[in-house]
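# A look at the structure
Here is how the chains run, residue by residue.
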Amino acid sequence: QVRLEESGGGLVQAGGSLRLSCVASGSIFSINVMGWYRQAPGKQRELVAVITSGGRANYADSVKGRFTIDRDNAKNTVSLQMNSLKPEDTAVHYCNANLRATVISALYDYWGQGTQVTVSS
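A brief look at the structure comes next. (Residues numbered from 1 in each chain as written. Predicted model: local features only at pLDDT ≥ 70, side-chain atom pairs only at ≥ 80, totals over all residues. Heavy atoms only, no water.)

## Describing the overall build of the protein
Per the secondary structure count, the protein includes zero helices and eleven strands. Listed by position from the N terminus, the elements making up the protein come as β-β-β-β-β-β-β-β-β-β-β. Whereas a compact globule of 121 residues would reach a radius of gyration of roughly 14 Å, the protein reaches 14 Å, a difference of no more than 12%. Taken over the C-alpha atoms alone, the protein extends approximately 50 × 25 × 20 Å along its principal axes. (Helix = DSSP H or I, 4+ residues; strand = E, 2+ residues; numbered from the N terminus. Rg over C-alpha atoms; globule rule 2.2 N^0.38 Å.)

Okay, here's the thing in structure tokens:
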């Protein structure tokens, strides 16, 4: 019974910034990796950025230098600071957490409902 709740999406002009946040709640024993994925209309879901429990981050080439991911292990949160936004960043953004719900549970991917990011030209 894990829940991921995203916030921070919206409409922004090209060159602007948005900050996405995600909070994991419910039955959580430990969280391995948290991150953000996005899906634009007619396209497959793609990785945007992920971060390990130790703080090591990995970014898609298309967002390197513009986006920054961070997490707070104590609060079970992950955030994505998005700067210099481009129209091609327009997509539904999904929070992801790879976690173990209980001590007897296997690692499993959980997903949020998604938050829309729209970047106008």
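Continuing now.
## Some remarks on the sheet that holds strand E8 (residues 77–82)
Two strands in a sheet stick together by hydrogen bonds in their backbones, pointing the same way (parallel) or opposite ways (antiparallel). Taken in spatial order, the four strands make up an open sheet running E1-E3-E8-E7, and their pairing is antiparallel. Each end of this open sheet is capped by a strand with a single partner; those strands are strand E1 (2–7) and strand E7 (67–72). Across the sheet, the axes of successive neighbouring strands diverge by a mean angle of 15 degrees, strand direction being ignored. Pairing geometry for strand E3 (residues 18–26) and E8, over six bridges, is antiparallel. (Pairing = 2+ DSSP bridges. Axes fitted to C-alpha atoms, helices over the stretch in contact; angles between N-to-C directions.)

## Focus: the environment of Tyr37
Looking at the secondary structure, you find Tyr37 in strand E4 (residues 30–39). Taking the C-alpha atoms as reference points, Tyr37 and Gly65, 28 residues apart in sequence, are found 17 Å from one another. What Tyr37 contacts, discounting residues up to four positions off in sequence, is Arg45, Glu46, Leu47, Val48, Val50, Val92, His93, Tyr94, Asn96 and Trp111. (Contact = heavy atoms within 4.5 Å.)

## A closer look at the state of the cysteines
Tallying each qualifying case throughout the model produces one disulfide. Between the sulfur of Cys22 and that of Cys95 lies a disulfide, 2.1 Å long from S to S. Disulfide Cys22 to Cys95: torsion about the S-S bond roughly -85 degrees, handedness left-handed. Here Cys22 is found in strand E3, whereas its partner Cys95 is found in strand E9 (residues 91–100), with 73 residues between them in sequence. Judged by its relative accessible area of 1%, Cys22 is buried. Overall, Cys95 belongs to the buried group, its relative accessible area being 0%. (Disulfide = S-S within 2.5 Å. Buried < 20%, exposed > 50% of the residue type's maximum accessible area, 1.4 Å probe, protein only.)

## Overview of the nonpolar core
With 29 residues, the main nonpolar core has Trp36, Ile69, Val78, Leu80 and Met82 as its most contacted residues. Elements that contribute at least two residues to this core include exactly E1, E3, E4, strand E5 (46–52), E7, E8, E9 and strand E11 (115–120). With four residues, the top contributor of residues to this core is E3. Look past the residues within four positions of Ile69 in its chain and what remains in contact with it is Met34, Gly35, Trp36, Ala49, Val50, Ile51, Ala57, Tyr59, Val78, Ser79 and Leu80. (Core = buried A, V, L, I, M, F, W, Y, C linked by side-chain atoms within 4.5 Å.)

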